[in-house]
Amino acid sequence: MIPKTAILSLLLSLFFLSPGTAAAADWENSLVRIEATRHTYDYFQPWIRRSATSRNSGLVVGEKTILTTAQRMENNVLTRLQKGGQGEWTIGRLVWIDYYSNLALLTVDDEAFWEDLHPATLAEKIPNSGTAQSVRWHERRLELRELDIDRMKISKGRLANIDMLYLELDFETGSFDRSEIIAIDDEVVGIAIARYSSSSGEKVQAIPSTFIRSVLQAQSESDWSGLGFFNFFWQTTENEATLDQLGLSGPARGVIITQLLSLPGHPDVLRPKDILLKIDGFSIDSQGDYQDPDYGPLNLEYLATRNRWAGDQVPMSVWRDGKAHQITFTLPKFGYENFLIPPARYDSTPEYYVAGGLIFQPISGGLIDGLGRERMPVRIIRHLSKMRPEANRELVVLSGVLPDPFNEGYRSHNNLIVARINHHSITRFSDLEKAFADPQDGFHLIEFTPGNPIDKIVLNASGMDLATRRVMFRYGIQNNPVINN
Amino acid sequence: MVYLQPPDWDRPWQWERILRSSGSGFIIEGNRIMTNAHVVAWAKEIMVRRFQDSRLYPAKVSYVGRDCDLAILTVEAQGFFDGIEPLTLGELPDVRSTVFTFGYPAGGQQISYTSGVVSRIEIQTYTYPGDRRLLAIQTDAAINPGNSGGPVIQNDRVVGVAFQGIPGLENTGFFIPPPVVEHFLEDIADGSYEGCPISDIDLESLHNPAQRNYLGLTSKTGGARIGQLLTKSVQDHLRTDDVLLQIDQWPVARDASVLYEGNQVHAELIVSLAQNGDTIPLKIWREDQEISVDLPVFADRSREFAGNLYRAPRYYIYGGLVFTPLSRNYLSSAFGSNASSQLVYELFHRWRTEPETTRTEPIMLANVLPHPANANLRRKSRVMIDSINGVRIEKLEDVINAIEQCEDDWHTIRYAEPYDFDTLAREKADDAHPAILRTYRIANDRRL
């Protein structure tokens, strides 16, 4: 656990926000290497913990503060840092991480490490075109390579399915490191998060410095509430007949709300078939773009994160029932937990419950990826991207069976969605304990949702504890169950 | 020799290029030729040739068994059947016994003979319908394209019809065994083919001692548990947690199999070998006692679209919007192996998980034929329809009714999740409709 006061004291001391104090390009003394070791889990055997180590770039951005991306920093066990591209590694520690914005901050307690290190400057503005440089430590030397700025683009993040602004650059050949720094002259304009191929060639996607600045500033001012998002689907309005039908005359403009993704506790102020005309004072065109003062036309989804955070009130103008209405939309917080199948769960061990050799787990993106997305039945995949109908609602599966005489006949079963155990509805993973504590006439009755290959498993209640202990011993399970609540 | 022309599933009023194909067949009693359904699928012209005879005779399809992949051809030309002794059906061959295949693999003028042994006999997926599992025999005799429809012979009798192989597996071919062939011939004896019944019961293995105790089966050695009951017909006769002890004359083992002619095969086989509407006597264990149940079984064709069809697709065109049912053929043709999980779920799974929201025949907007009247539509193709003018679309007729009975100024076409929609000005679409049909040379705006 990272103490919040420590985070704030570090962030308040950052000085990258003052343009006047920007240092000249001194990459040797502001760019460091990060070696992060993390736990990884095998969802076939969720009690097994392995580790993996990867190397990223880090950027000194303030007093005793190093910025990097959140990728590969999850489930962090050990972090070491190296300056100068070679030599000694120094133990560091993670002081703040946000997977949705894909940013993390580190520090090093050893005072000697900070000698000669200077903060780099995060650019306040990013040009839409021109040339930039990537900067990294590579084979013991500082390597600078040229890239062409392609555009600013709204796209999904690497760690969260949330639309954000990214800097996209053309990249010709060679390797590219995660967290590699993108700079123009002596200012950092972005941190790379991915390299990918597109129809127009090899691209590098980077988190823009402007976004990083706003996130860190919100943090430093205790204003950070997480990223917000628009929890609705919309469609463009190039079909004039649709606008006629909805009574909006004049040139095509705005977008039409098609579906609201209801969130527990979040009021739905929009309605299907509302025409969304303005967000935060920006007019929305018929393609869903607005004119950004810095970057020109951008997709409206960016307005959920453009200097806005979860909980902020966003003024909107909508066309409804033949007239314009002004409404206030409160940005819901984006979180993995909003989804019926959380896309990811970081910094916590996988949950599992082994009962007589039957392995139960809550379905998550990690489980699906771990077991193999292509092997997942459609009855599970179809729930991806559905929002949770109520707080804490989860889907629980019988993910597999550890062979034991007690579970004879059930060994080939896997990926079955649990509906009830001993007549108790299973709507969250923590329901399992209570349900298994209430056997029915000496049996445990495990029922699955319709459409699974089988609909019920029956086990002897009297032999369950002994069988579970035997299975734990035979398969090397030290802790059972693991329920994080 | 078959000249065939499959439909264009995206443009269902027209057909793909003409292709030439060949298969094998054999003569059975009644001056009939038996072959595989897939050999004559989409045939525009079928020509048959006798062994050692250069003449080609036109043939026509009399019966097609889509699910069992069998077909009957007849030849009207005088003299074709002269001097030919029809082949007769034999018994189910024994595993490890030798069989001979006859056919014209890869075309050819001369019959190709191969021999092999019966490797195993069990329920297999029939590849061409795609949605059925029926009894099949595996052999190591070579069965290649062109062999399809040819007889497999043992002791001068037909013990199978060669029909499929498995790509990547060597020395593995499959043929349709006598019980399935007999079922087909018996089925068509009344002049129409109904199909192989399906139980619509999830039959689950019952090995676990606790589960057997729970069901009160301490004194029984066999029996399989009845799980989900998928149709009202079976729900009227059976209950979940019933145990199937015997089906017809065959005791049911714990793994839901029966010992059929010396082969341990899934009990569903017995249902598939009954005729549509037959009643099968069952012995059921229910609430600690054995009872008898007569279960009527049916060849339910209402979900045929989950398998490959051999009939021209239904469609309806209005204002350039082409509507056609979602089917296995459509999915495969339009998306290959990249179909969305949403469509896969609609086609194959929803009826089992959410029967109350299952559509009789999910409808796709397959295409929009460009015209000024529809030029501004957002969606142009390959999207499932949720509703039109507020009417939930269950089948193609609902589309027609929703559109033709509309009196509003606009048609509102709502697509499946995430429920975006399009609007079509009714008067413009009505006016444009004949011109669009002419422009795209469409003779009929519907095939129902």
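Trainee: Explanation requested: the overall build of chain A in the structure shown.
Mentor: Across its full length, chain A holds seven helices and 28 strands. Here chain A has a C-alpha radius of gyration of 26 Å; the compact-globule value for 485 residues is 23 Å, and the two agree. Seen through its C-alpha atoms, chain A measures out along the principal axes to roughly 75 × 70 × 45 Å. Looking at the 485 residues of chain A, the share that counts as buried comes to 57%. Counting contacts in chain A only where the partners sit at least 6 residues apart, residues at least 24 apart contribute 63% of the total. As presented, chain A carries roughly 20,100 Å² of accessible surface, and 46% of it is formed by carbon and sulfur atoms.

Trainee: How should I be thinking about the overall build of chain B in this particular structure?
Mentor: Looking only at helices and strands, chain B features eight helices and 29 strands. Against the compact-globule benchmark of 22 Å for 448 residues, chain B has a radius of gyration of 25 Å, which places it among compact chains. Its C-alpha atoms give chain B principal-axis dimensions of about 70 × 70 × 40 Å. For chain B, with 448 residues in total, the buried portion stands at 54%. Sequence separation of at least 24 residues holds for 61% of the intrachain contacts in chain B that already meet a minimum separation of 6. Taken as a whole, chain B presents about 19,900 Å² of accessible surface, with 46% of it coming from carbon and sulfur.

Trainee: I keep staring at the pattern of salt bridges and nothing clicks. Help me out?
Mentor: Between side chains of opposite charge, a pair can form when the charged atoms approach closely. Residues and elements named next belong to chain A. Considering all chains together, one arrives at 59 salt bridges over all chains under this definition. A salt bridge links Asp177 to Arg136, with the nearest nitrogen and oxygen atoms 3.1 Å apart. On the criterion of sequence distance, the pair formed by Asp177 in the loop between strand S10 (163-170) and strand S11 (181-184) and Arg136 in strand S8 (residues 131-138) is long-range, its members being 41 residues apart. Linked through salt bridges whose partners overlap, the residues forming this network are Arg136, Arg141, Glu143, Arg145, Asp177 and Glu180.

Trainee: What is the right way to look at the domain arrangement of chain B in this model?
Mentor: How large an interface is tends to be reported as the accessible area lost when its parts come together. According to the domain assignment, chain B consists of domain 1 (2-74), domain 2 (98-190), domain 3 (201-264 + 282-296) and domain 4 (313-447). Computed from C-alpha atoms alone, the centre-to-centre distance between domain 2 of chain B and domain 4 of chain B is 40 Å.

Trainee: In this structure, what is going on with the environment of Phe102 of chain B? I would like to understand it.
Mentor: Residues and elements named next belong to chain B. Mapped onto the elements, Phe102 comes out in strand S8 (residues 98-103). Looking at Phe102, the relative accessible area reads 22%, which means it is partly exposed. C-alpha separation for the pair Phe102 and Ala141, spaced 39 residues apart in sequence, amounts to 10 Å. In this view, Phe102 contacts Ile111, Ser112, Tyr113, Asn147, Gly150, Pro151 and Ile153; residues no more than four positions away in its chain are not counted.

Trainee: What should I look at first to understand the confidence of the model for chain B in this one?
Mentor: Predicted coordinates in regions of low pLDDT should not be interpreted in detail. Confidence in the prediction for chain B averages 94 pLDDT; 100% of positions are at 70 or higher. Across the interfaces of the predicted complex, the ipTM metric reaches 0.91, alongside a pTM of 0.91.

Trainee: I keep staring at the sheet that holds strand S4 (residues 32-35) of chain B and nothing clicks. Help me out?
Mentor: Picture the strands of a sheet paired through backbone hydrogen bonds; they go either parallel or antiparallel. Residues and elements named next belong to chain B. Taken together, the seven strands give an open sheet; going across it, the order is S2-S1-S5-S6-S7-S4-S3, and neighbouring strands pair in antiparallel fashion. In this open sheet, the two edge strands, each paired with only one partner strand, are strand S2 (19-21) and strand S3 (26-28). Each neighbouring strand pair of the sheet contributes to a mean axis angle of 35 degrees, computed without reference to strand direction. Here strand S5 (residues 43-48) runs beside strand S6 (residues 57-65); their pairing, made up of three bridges, is antiparallel. Paired with Ile46 across the strands is Ala59, a residue of S6. The sheet strands contacting helix H1 (residues 178-188) are S3, S4, S6 and strand S7 (70-75), and the helix crosses S7 at an angle near 55 degrees.

Trainee: Hey, could you run me through the packing of aromatic side chains in this one?
Mentor: Aromatic ring pairs: the centre-centre distance and the angle between the two ring planes describe each pair. Per the stated rule, a full pass over the model turns up 28 aromatic pairs over all chains. Where Phe80 of chain B meets Phe81 of chain B, the ring centres are 4.9 Å apart and the plane angle is 90 degrees; that geometry is what we call edge-to-face. On the basis of relative accessible area, Phe80 of chain B is assigned to the buried category, the value being 2%. The positively charged end of Lys273 of chain A is found above the aromatic ring belonging to Phe421 of chain B, 4.9 Å away from the centroid.

Trainee: What's the story with the sheet that holds strand S9 (residues 112-126) of chain B in this structure? I'm lost.
Mentor: Residue and element names in this part refer to chain B. A barrel is described by the order of its strands in space; here six strands give the closed sequence S8-S9-S10-S13-S12-S11, paired in antiparallel fashion. Direction aside, neighbouring strands of the sheet carry axes that sit 50 degrees apart on average. Here S9 runs beside strand S10 (residues 132-139); their pairing, made up of eight bridges, is antiparallel. Paired with Tyr126 across the strands is Arg132, a residue of S10. Running over the sheet, H1 touches S9, S10, strand S12 (157-165) and strand S13 (173-176) and is turned about 100 degrees from S12.

Trainee: Can you walk me through unusual backbone geometry in this structure?
Mentor: With glycine set apart, most residues show a phi of negative sign, and most peptide bonds adopt trans. Following Asn480 of chain A, the chain continues to Pro481 of chain A via a peptide bond in cis, the omega torsion being -10 degrees. With respect to the helices, strands and loops of the structure, Pro481 of chain A is situated in the segment after helix H7 (464-475). In this structure, the amide linkage connecting Glu417 of chain B to the following residue, Pro418 of chain B, adopts the cis form with an omega of 15 degrees. Position of Pro418 of chain B among the secondary structure elements: in the loop between strand S27 (410-415) and strand S28 (421-425). Its identity as a non-glycine residue notwithstanding, Asp441 of chain A has a phi of 50 degrees, on the positive side. For Asp441 of chain A, the position within the fold is in the loop between helix H6 (431-436) and strand S27 (443-448). With relative accessibility at 77%, the residue Asp441 of chain A sits in the exposed group. For Asp156 of chain B, which is not glycine, the phi dihedral falls at a positive 65 degrees. Looking at the element boundaries, Asp156 of chain B is found in the loop between strand S11 (151-154) and S12.

Trainee: Could you clarify how one ought to interpret the domain arrangement of chain A in this entry?
Mentor: Residue and element names in this part refer to chain A. In terms of domain boundaries, chain A breaks down into domain 1 (1-126 + 152-167 + 208-224), domain 2 (232-330) and domain 3 (338-484). Using C-alpha coordinates to define each centre, domain 1 is positioned 36 Å away from domain 3. Each partner contributes residues to the interface: domain 1 has 12 residues there, and domain 3 has 19 residues. When the two sides are added together, the surface that domain 1 and domain 3 hide from each other amounts to roughly 1,400 Å², 67% of it contributed by carbon and sulfur.

Trainee: Sorry if this is basic, but what is going on with the interface of chain B and chain A here?
Mentor: With 34 residues of chain B at the contact, the number on the chain A side is 35 residues. Interface of chain B and chain A: buried area, both sides summed, is about 3,000 Å²; carbon and sulfur atoms make up 53% of it. Together, Tyr214, Arg378 and Phe421 of chain B form the three largest contributors to the area buried by chain B at its contact with chain A, with a combined 20%. Counting the contacts that link chain B with chain A gives three salt bridges. A salt bridge links Glu354 of chain B to Arg382 of chain A; its shortest N-O distance comes to 3.4 Å.

Trainee: What is the right way to look at a negative patch on the surface in this model?
Mentor: Taken together, Glu91, Asp94, Glu182, Glu186, Glu261 and Asp278 of chain B make up a surface patch of like negative charges. For Glu91 of chain B, the location among the structural elements is in the loop between S7 and S8.

Trainee: How should I be thinking about helix H8 (residues 426-439) of chain B in this particular structure?
Mentor: Residues spaced three or four apart along an α-helix point in a common direction, a consequence of the helix completing one turn every 3.6 residues. Residue and element names in this part refer to chain B. Taking 1.5 Å of rise per residue, the 14 residues of H8 would be expected to cover 20 Å, and the 19 Å separating its terminal C-alpha atoms lies within 8% of that figure. In H8, a bend of some 40 degrees at His433 exceeds every other bend along the element, and Pro434, a proline, comes one to four places later. Among all positions in H8, only Ala429, Ala432, His433, Ile436 and Leu437 are buried. Check the buried side of H8 and you find it contacts strand S22 (315-318) and S28.

Trainee: Can you help me understand the state of the cysteines in this one?
Mentor: Each disulfide consists of a covalent bond between the sulfur atoms of two cysteine residues. All names here are of chain B. Applying the stated criterion across every chain, the model contains zero disulfides over all chains. Not part of a disulfide, Cys196 finds its nearest cysteine sulfur in Cys68, a span of 5.1 Å. Taking relative accessible area as the criterion, Cys196 reaches 4% and is therefore assigned buried.

Here is what the cut-offs are and how they apply
- Residues numbered from 1 in each chain as written.
- Chains lettered and ligands numbered in written order.
- Predicted model: local features only at pLDDT ≥ 70, side-chain atom pairs only at ≥ 80, totals over all residues.
- Heavy atoms only, no water.
- Helix = DSSP H or I, 4+ residues; strand = E, 2+ residues; numbered from the N terminus.
- Rg over C-alpha atoms; globule rule 2.2 N^0.38 Å.
- Buried < 20%, exposed > 50% of the residue type's maximum accessible area, 1.4 Å probe, protein only.
- Contact = heavy atoms within 4.5 Å.
- Areas by Shrake-Rupley, 256 points an atom, 1.4 Å probe, with all protein chains shown as cover.
- Salt bridge = Lys/Arg side-chain N within 4 Å of Asp/Glu carboxyl O.
- Domains from an automatic or database assignment.
- pLDDT = per-residue confidence, 0-100.
- Pairing = 2+ DSSP bridges.
- Axes fitted to C-alpha atoms, helices over the stretch in contact; angles between N-to-C directions.
- Phe/Tyr/Trp six-rings, centres within 6.5 Å; stacked < 30°, edge-to-face > 60°.
- Lys NZ or Arg CZ within 6 Å of the ring centre and 35° of its normal.
- Buried area = accessible area lost by both parts, 1.4 Å probe.
- Patch = residues over 30% accessible without salt bridge, like charges linked within 9 Å, V, L, I, M, F, W, Y side chains within 5 Å.
- Lys, Arg positive; Asp, Glu negative; His and termini not counted.
- Charge placed at Lys NZ, Arg CZ, Asp CG, Glu CD.
- Expected span 1.5 Å × (residues − 1).
- Bend = angle between axes of the 7 residues up to and from the residue.
- Disulfide = S-S within 2.5 Å.

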